[in-house]
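# A structural walkthrough
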Amino acid sequence: MGWQDRLTTALQQRQANQLERQRRTLHSAQGPVVSDGTRSLVNFCSNDYLGLAATGGTDLARAAEKWQFGSGASHMVCGHSSAHHALEEELARLTGYPKVLLFSTGFMANIGAISALAQRGDLIIQDKLNHASLLDGAQLSRARMTRYRHQDYDQLTQLLQNSIPDAPAQTLIVSDSIFSMDGDLADIERLSQICTDHDALLMVDDAHGLGVLGEQGCGVRGHFNLTPHQLPVYVGTLGKALGGYGAFIAGEETVIDYLTQFARSYIYTTAFPPAIAEAMLGNIERARDNQLRQQLSANIQQFRTGAIDEGLPLMASDSPIQPLLTGDSQRALDISERLRQSGYWVTAIRPPTVPQGEARLRVTLSAAHTTDHIKGLLDALTQAWHEAQS
Ligand SMILES: *Cc1c(COP(=O)(O)O)cnc(C)c1O
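Calculation notes
- Residues numbered from 1 in each chain as written.
- Predicted model: local features only at pLDDT ≥ 70, side-chain atom pairs only at ≥ 80, totals over all residues.
- Heavy atoms only, no water.
- Domains from an automatic or database assignment.
- Buried area = accessible area lost by both parts, 1.4 Å probe.
- Salt bridge = Lys/Arg side-chain N within 4 Å of Asp/Glu carboxyl O.
- Polar contact = N/O pair within 3.5 Å; in protein donor to acceptor, adjacent residues only side chain to side chain.
- Helix = DSSP H or I, 4+ residues; strand = E, 2+ residues; numbered from the N terminus.
- Nonpolar A, V, L, I, M, F, W, Y, C, P; charged D, E, K, R; others polar.
- Near = heavy atom within 4 Å.
- Areas by Shrake-Rupley, 256 points an atom, 1.4 Å probe, with all protein chains shown as cover.
- Pairing = 2+ DSSP bridges.
- Phe/Tyr/Trp six-rings, centres within 6.5 Å; stacked < 30°, edge-to-face > 60°.
- Buried < 20%, exposed > 50% of the residue type's maximum accessible area, 1.4 Å probe, protein only.
- UniProt positions renumbered as here; feature names shortened; annotations may be inferred.
- Contact = heavy atoms within 4.5 Å.

With that out of the way, let us pick up the domain arrangement of the chain. We note that the domain assignment places domain 1 (22-51 + 290-389) and domain 2 (57-287) within the chain. Just the C-alpha atoms count here: the centres of domain 1 and domain 2 sit 27 Å apart. Of the roughly 1,500 Å² buried between domain 1 and domain 2, counting both surfaces, carbon and sulfur atoms make up 58%. Taking the shortest distance from any N to any O, the salt bridge between Arg360 and Asp182 comes out at 3.0 Å. Seen at the junction of domain 1 and domain 2, the total is eleven residue pairs in polar contact (both at pLDDT 80 or more). Elements with a minimum of two residues in the side of domain 1 that touches domain 2: helix H13 (290-309), strand E10 (321-327) and strand E13 (359-364). Looking at the side of domain 1 that touches domain 2, its residues break down into twelve nonpolar, five polar and five charged.

Attention shifts here to the site of the ligand. Taken together, 13 residues lie around the ligand, and Gly106, Phe107, Asp205, His208 and Lys240 are the ones closest in. Contact between the ligand and Phe107: an oxygen atom at 3.0 Å from a main-chain N or O atom of the residue. Between the ligand and the protein, one listed contact pairs an oxygen atom with a side-chain N or O atom of Lys240 at 2.6 Å. In the complex, 81% of the free accessible area of the ligand, which totals 380 Å², lies under the protein chains. Counting residues per element, the shell around the ligand draws most heavily on helix H5 (residues 106-117), at three residues.

Glancing now at the sheet that holds strand E11 (residues 344-345). Whether parallel or antiparallel, the strands of a sheet pair through hydrogen bonds between backbone atoms. Within the open sheet, the three strands sit side by side as E1-E2-E11. Their pairing is mixed. Only two strands of the sheet have a single neighbouring strand rather than two, namely strand E1 (33-35) and E11. Taken together, the two bridges between strand E2 (residues 40-43) and E11 define a ladder with parallel strand orientation. Directly across from Val42, in E11, lies its bridge partner Tyr344.

For the structure shown, the criterion picks out six aromatic pairs. Ring geometry for Phe44 and Tyr344: centres 6.4 Å apart, planes at 35°, overall tilted. Of this pair, Phe44 sits in the loop between E2 and helix H2 (57-67) while Tyr344 is found in strand E11, placing the two residues 300 residues apart along the sequence. A relative accessible area of 13% places Tyr344 in the buried class. Their ring planes at 55° and their centres at 6.0 Å tell us that Tyr148 and Tyr153 sit as a pair that is tilted.

Taking the numbering used here, the UniProt-annotated feature "binding site: pyridoxal 5'-phosphate" (unreviewed entry) corresponds to Gly106, Phe107, Ser180, His208 and Thr237. Across 132 residues, the annotated set stays spatially compact, with a maximum C-alpha separation of 13.4 Å. By the secondary structure assignment, Gly106 is in helix H5. Leaving out residues up to four positions away in the same chain, Gly106 has contacts with Thr237 and Ala247.

Structure follows, in structure tokens:
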């Protein structure tokens, strides 16, 4: 079979299994209400949990006046500006870590950190539902990787007892904080204890926790009241609750100094535009306002209470990610399309993003949603849920 055949066969299979992904084009700025070019949709699928993606435009314009556009080079050559530096320092203050290293995206932070920390002969153990970038990072490292059933820390302990590598090989344990497609929160306190007991290093991806969890949105470390030493490798992203773009790793001095020298996705890439770094400071300041988290929490409550009243099958999640499991991919697509017809945007999430037979509608809530937005969604959802093919 030649290349052409291989590619078309794969595409045809995707289509035949109702797994083909399609982009819908936005014709307005990101926000609780967006336009798809023909109609306005109340948006329940972004990761903009605090509604900050629609702020900061003036900060960005002002920063661009000063910094113009490109960074010109990688951080190690001459692309590291005082704007990047100030952002690293502010993120260290926000998350309560001694040191922070910026990356262009969370995907790059994860593959860079894991592939630099773990080496051939080491053991990486991950939660089965960890983000794709964490799994890819492990592959790049050439270390051995094994996974435990979602949040099954007894199984994790067993794996550790059976397979601790001999020194000098090391063990790295990796978990999402809030899981991106399920919305539940890992028990980071327990993971930290397990790592201490077994001399393993703990890395947590707080993509969905930063800005959402903890005092002033400081993230999952603060939420569980752990010291940086108890959660030594912390990944945060700037494109979700903080409403901007970029990512970072926070840790103690040695971890960050090591990653600065050895994380390839840090070293061999252009630094992101300095104006973005400078504009992020405004969004971080806004994200510190605890009233936003109170509003978000009230919105999550309103959605959950309403969904329970309507008999919709909620999952065990307290976070802004509130998935509704359909199982069947076609049914998820059908409900999503009906919602769109009623003016609501909720994406259908299908395999391979989630396991086979676990297609779902991923509803995400934001502090920027109004009571009417959520009430309207619940009405439309209840109707679509009953009318959709099963
Ligand atoms: C979105 C996400 C990432 C990737 O972050 P980007 O900055 O969007 O590249 C990493 N991990 C998790 C759990 C995510 O949800």
